[in-house]
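Summary of structural features
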Amino acid sequence: MIVSIIIVLIVALVVIALWVSAVQQHKEKQENERRKELTKQKAIIEETEEALMNQANIPLSENVIRVLQSRIAEALKTMVTHSPTSKALKSRLEEMKQHISNPVQGTSSESLALPSNDKQLVALIQGIKKLRVILRSEHTKGRVNSQVFTGEDKLLEKLQLKINIESQIKRGISARSASMVGSARQYFEKAYATLSAVPYSDEYVNAKRQEVERYLEEISVELKASNASALKKKNEQEQDDLDVLFAPKKKW
């Protein structure tokens, strides 16, 4: 009898130990998942805040600013859900709700100033690309209606085109001023190819295409004149050499 009781107790202890272990593993799994979700939402907030801070360099419309603010608010809501005792997160969420309720002032693409540094220019283009990815992600999640998404994405696409074209033209003009005609022509040809590949036509595209065509025509005329001058000089040099070769020899 005693042996049976001991066996039952041992089995019970084993079962309890297994249950405790399973519960502990489940809690650890939940905690790991909670931490992963918090890390994910924190990364979303940091990425979105960076996009908002880029307003000094990238013109942002009121719609885009609202989308970014709402994205941060949604991430904070998720973090509060996973950390309901965090006063800091709740405070940040309330602050963001206050920002959303306040009026915002968007900036026009006309205010865009191209950086002179290539590294800054690349960072600017990357910032616009990242912004378009964020908008597409929010649209996919149903947080941005299709009309707003299509309109804002088109504006950012045109802004990206403008930066590309203006920088190529600027480089072409600079190379031409430095008498680097070949390099200048390459820059203008690249700008022209980009404009020709645009699937739409508007006032900016048409104006810039005409401007680039004019630069290419001027360079073509310059190169023809330069080649003609070089050929003339070469012919004159060859004629001089012939004159020396066939000139009467002097008698001493």
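These numbers come from a predicted model, not from an experiment.

The subject of this paragraph is the pattern of salt bridges. The full count for this structure, using the stated rule, is 17 salt bridges. A salt bridge links Asp 153 to Arg 136; the shortest N-O distance between them is 3.9 Å. Of this pair, Asp 153 sits in helix H5 (residues 146-177) while Arg 136 sits in helix H4 (residues 118-140), and the two are 17 residues apart along the sequence. For the salt bridge of Lys 154 with Glu 157, the shortest nitrogen-to-oxygen distance reads 3.3 Å. Taken together, the residues span about one helical turn, with Lys 154 and Glu 157 both in helix H5 at a distance of three residues. Taking the relative accessible area as the measure of exposure, Glu 157 reaches 25% and is therefore partly exposed. Salt bridges sharing common partners tie together Glu 47, Arg 71, Glu 138, Lys 141 and Arg 143.

Keep in mind that low pLDDT regions are not for reading the predicted coordinates in detail. Mean pLDDT over the protein chain: 85, with 88% of residues reaching 70 or higher. Element-level mean pLDDT values for the protein chain span from 72 in helix H7 (residues 203-246) up to 95 in helix H2 (residues 62-82).

Taking 1.5 Å per residue as the helical rise, H2 with its 21 residues ought to reach 30 Å, and the 31 Å between its terminal C-alpha atoms agrees with that figure. Along H2, the positions that sit buried rather than exposed are Val 64, Ile 65, Val 67, Leu 68, Gln 69, Arg 71, Ile 72, Ala 73, Ala 75, Leu 76, Met 79 and Val 80. Structurally, H2 contributes buried residues whose contacts are with helix H1 (2-53), helix H3 (87-101), H4 and H5.

Moving on, we come to a nonpolar patch on the surface. Taken together, the side chains of Ile 2, Ile 6, Ile 10, Val 14 and Leu 18 make up a nonpolar region of the molecular surface, amounting to roughly 490 Å² of accessible area. One can find Ile 10 in helix H1.

With that out of the way, let us pick up unusual backbone geometry. Not every positive phi belongs to a glycine, and Ser 179 is a case in point at roughly 65 degrees. Mapped onto the fold, Ser 179 is located in the loop between H5 and helix H6 (181-197). Note on Ser 179: relative accessible area 60%, which makes it exposed.

Put simply, the largest pocket is a space of about 390 Å³. Taken together, 20 residues make up the lining of the largest pocket; nearest its centre are Ser 109, Leu 155, Lys 158, Leu 159 and Lys 162. Elements supplying a minimum of two residues to the lining of the largest pocket: H5 and H7. Sorting elements by how many residues they give to the lining of the largest pocket places H5 first, with seven residues. Counted by class, the lining of the largest pocket contains ten nonpolar, four polar and six charged residues. Taken as a whole, the second largest pocket encloses approximately 200 Å³ of empty space. In the lining of the second largest pocket, the residues fall into five nonpolar, three polar and three charged.

Rules behind the numbers
- Residues numbered from 1 in each chain as written.
- Predicted model: local features only at pLDDT ≥ 70, side-chain atom pairs only at ≥ 80, totals over all residues.
- Heavy atoms only, no water.
- Salt bridge = Lys/Arg side-chain N within 4 Å of Asp/Glu carboxyl O.
- Helix = DSSP H or I, 4+ residues; strand = E, 2+ residues; numbered from the N terminus.
- Buried < 20%, exposed > 50% of the residue type's maximum accessible area, 1.4 Å probe, protein only.
- pLDDT = per-residue confidence, 0-100.
- Expected span 1.5 Å × (residues − 1).
- Contact = heavy atoms within 4.5 Å.
- Patch = residues over 30% accessible without salt bridge, like charges linked within 9 Å, V, L, I, M, F, W, Y side chains within 5 Å.
- Areas by Shrake-Rupley, 256 points an atom, 1.4 Å probe, with all protein chains shown as cover.
- 1 Å grid on protein atoms, 1.4 Å probe; cavity = no way out; pocket = protein on both sides within 12 Å on 5 of 7 lines; lining within 4 Å.
- Points joined across faces, edges and corners; volume = space filled by probe spheres on them.
- Nonpolar A, V, L, I, M, F, W, Y, C, P; charged D, E, K, R; others polar.

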